[in-house]
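Next come the chains, spelled out residue by residue.
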Amino acid sequence: MTRILLYLVLACSIPANAHMDFSRWNLNLESEYNDAYTAELNPFADRGLKVAYISSVMVQIVEQGLPMGSGSGNYFRLGKHRFILTAAHVVDTPGTEILIIEKGYSMTPASVVYVNSDTDIAILVPQTPLRYTKAIPFRRDINNQVGEKVYHCGHPAREGWHISEGLLSGVYTDTLVVNTFAWPGASGSILFDEDGRVLGVVSAIRVSNAIGIPALVEHLVLVSNIKMLDQDTLKAVLRNGS
């Protein structure tokens, strides 16, 4: 038996001087994701923090070749589809173009395939797969609990890849209230739980008018509940738009 197995191994072994030509098989052995910009990330951090960071992008709005504003978003995969989830108010200006800015400031044009101004949720599809941003599996956290630890990574005041930690402090049908930090430019960043599941999309910060002068309360952040985007709608949008 041992002799038979030895003959089989020898018969299947490639000669030392053999040349293997894989080109005719048209194999693409290059990884979709280049992690060159994530070396500084704490490997022991919660999964929610890590996925918030590695999937984060800046959403740049351009009109007639000039930058007109920016927001945030995160890059996901669902089956064969790659898409960016962001806030509707970031991308709903007619006649503008959208550029997705990755770490290293690589830029990729994107198209809006879904926008809902009532829920403030939008979906973008980049023209080509992103290179320096990881498309993470799209998973939901729909069992929201007050006191739950959460994370998001955005671009407040164009400060690139700013990670914030917080606590879920209010749960409503269409909105979550989070004790964390946000500022203009952070709109569209995705709120994750500790396990990396999606809770919602950063939409606004509370405005106080206690002494007659409007003031931003940057630690009271309003988030569009991901429950307002049902799974069937998401799948249909991705089938038709990408």
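Note that the coordinates shown come from a computational prediction; the quantities given were computed from them, not determined experimentally.

## Quick look at the overall build of the protein chain
Point 1. Helix and strand counts for the protein chain stand at four helices and 13 strands.
Point 2. Here the protein chain, with 242 residues, has 43% of them falling under the buried criterion.
Point 3. A separation threshold of at least 6 residues defines the contact pool for the protein chain, and within that pool the share at least 24 residues apart is 62%.
Point 4. Looking at the protein chain as shown, the accessible area adds up to about 13300 Å², and 54% of this sits on carbon and sulfur atoms.

## Digging into the environment of Ser-70
Point 1. When you line up the elements, Ser-70 lands in strand 2 (residues 66-78).
Point 2. Looking at Ser-70, the relative accessible area reads 21%, which means it is partly exposed.
Point 3. A C-alpha to C-alpha distance of 9.4 Å links Ser-70 and Leu-99, two positions 29 residues apart in sequence.
Point 4. When residues no more than four places from it in sequence are discounted, the contact partners of Ser-70 are Met-58, Val-59, Gln-60, Arg-158 and Gly-185.

## Things to note about the pattern of salt bridges
Point 1. With the rule as written, the count across this model stands at two salt bridges.
Point 2. Here Arg-139 ties to Asp-195 by a salt bridge, and the two come within 3.3 Å at their closest N and O atoms. Here Asp-195 lies in the loop between strand 11 (190-193) and strand 12 (198-208) and Arg-139 lies in the loop between strand 7 (136-137) and strand 8 (149-154), a separation of 56 residues in the sequence.
Point 3. Overall, Arg-139 belongs to the partly exposed group, its relative accessible area being 30%.
Point 4. The class of Asp-195 is partly exposed, set by a relative accessible area of 36%.
Point 5. Taking the shortest distance from any N to any O, the salt bridge between Asp-193 and Arg-197 comes out at 2.8 Å.
Point 6. According to the relative accessible area criterion, Arg-197 is partly exposed, its value standing at 30%.

## Considerations on the nonpolar core
Point 1. With 46 residues, the main nonpolar core has Val-59, Phe-76, Phe-83, Leu-85, Ile-100 and Ile-123 as its most contacted residues.
Point 2. Dropping the residues within four chain positions of it, Ile-100 is found in contact with Val-57, Met-58, Val-59, Ile-84, Ser-106, Met-107, Thr-108, Ala-110, Leu-124 and Leu-130.

## Some details on the confidence of the model for the protein chain
Point 1. For the protein chain, per-residue confidence averages 85 on the pLDDT scale, and residues scoring 70 or more make up 81% of the total.
Point 2. Across residues 4-14 the pLDDT falls below 50, and counting only partners more than four positions away or on other chains, this stretch makes one contact in the model.

## Some remarks on unusual backbone geometry
Point 1. Even without glycine at this site, Tyr-105 takes up a positive phi of about 60°.
Point 2. By secondary structure assignment, the location of Tyr-105 is in the loop between strand 4 (97-101) and strand 5 (107-116).
Point 3. In this model, Asp-120 sits at a positive phi of 60°, which is unusual for a non-glycine residue.
Point 4. Take Asp-120: it is sitting in the loop between strand 5 and strand 6 (121-126).
Point 5. With relative accessibility at 9%, the residue Asp-120 sits in the buried group.

## Thoughts on the packing of aromatic side chains
Point 1. Applying the stated criterion across every chain yields a total of six aromatic pairs.
Point 2. Taken together, the ring pairs connect Phe-76, Phe-83, Phe-138 and Phe-192 into an aromatic cluster.
Point 3. Looking at Lys-103, its charged tip hangs above the ring of Tyr-53, at a distance of 4.6 Å from the centre.

## Description of the side chain of Ser-56
Point 1. Position of Ser-56 relative to the elements: it lies in strand 1 (residues 56-63).
Point 2. Side chain to side chain, Ser-56 and His-155 meet in a polar contact 3.2 Å long.

## Brief notes about the pairing of strand 8
Looking along a regular strand, one sees the side chains alternate between the two faces of the sheet.
Point 1. Of all the six residues making up strand 8, five are buried; the element is thus mostly covered by neighbouring parts of the structure.
Point 2. Pairing analysis gives six bridges linking strand 8 to strand 9 (residues 162-171), with the strands arranged antiparallel. Paired with Tyr-151 across the bridge in strand 9 is Glu-165.
Point 3. One ladder, built from two bridges, connects strand 8 with strand 11; its direction is antiparallel. Residue pairing for strand 11: Tyr-151 is matched across the bridge by Phe-192.

## Quick word on the environment of Glu-148
Point 1. Looking at the element boundaries, Glu-148 is found in the loop between strand 7 and strand 8.
Point 2. Linking Glu-148 and Asp-193, residues 45 residues apart in sequence, is a C-alpha distance of 7.4 Å.
Point 3. Non-local contacts of Glu-148, meaning those with residues more than four positions away in its chain, are made with Asp-141, Asn-143, Gly-166, Leu-167, Leu-168, Asp-193 and Leu-199.

Cut-off values and rules
- Residues numbered from 1 in each chain as written.
- Predicted model: local features only at pLDDT ≥ 70, side-chain atom pairs only at ≥ 80, totals over all residues.
- Heavy atoms only, no water.
- Helix = DSSP H or I, 4+ residues; strand = E, 2+ residues; numbered from the N terminus.
- Buried < 20%, exposed > 50% of the residue type's maximum accessible area, 1.4 Å probe, protein only.
- Contact = heavy atoms within 4.5 Å.
- Areas by Shrake-Rupley, 256 points an atom, 1.4 Å probe, with all protein chains shown as cover.
- Salt bridge = Lys/Arg side-chain N within 4 Å of Asp/Glu carboxyl O.
- Core = buried A, V, L, I, M, F, W, Y, C linked by side-chain atoms within 4.5 Å.
- pLDDT = per-residue confidence, 0-100.
- Phe/Tyr/Trp six-rings, centres within 6.5 Å; stacked < 30°, edge-to-face > 60°.
- Lys NZ or Arg CZ within 6 Å of the ring centre and 35° of its normal.
- Polar contact = N/O pair within 3.5 Å; in protein donor to acceptor, adjacent residues only side chain to side chain.
- Pairing = 2+ DSSP bridges.

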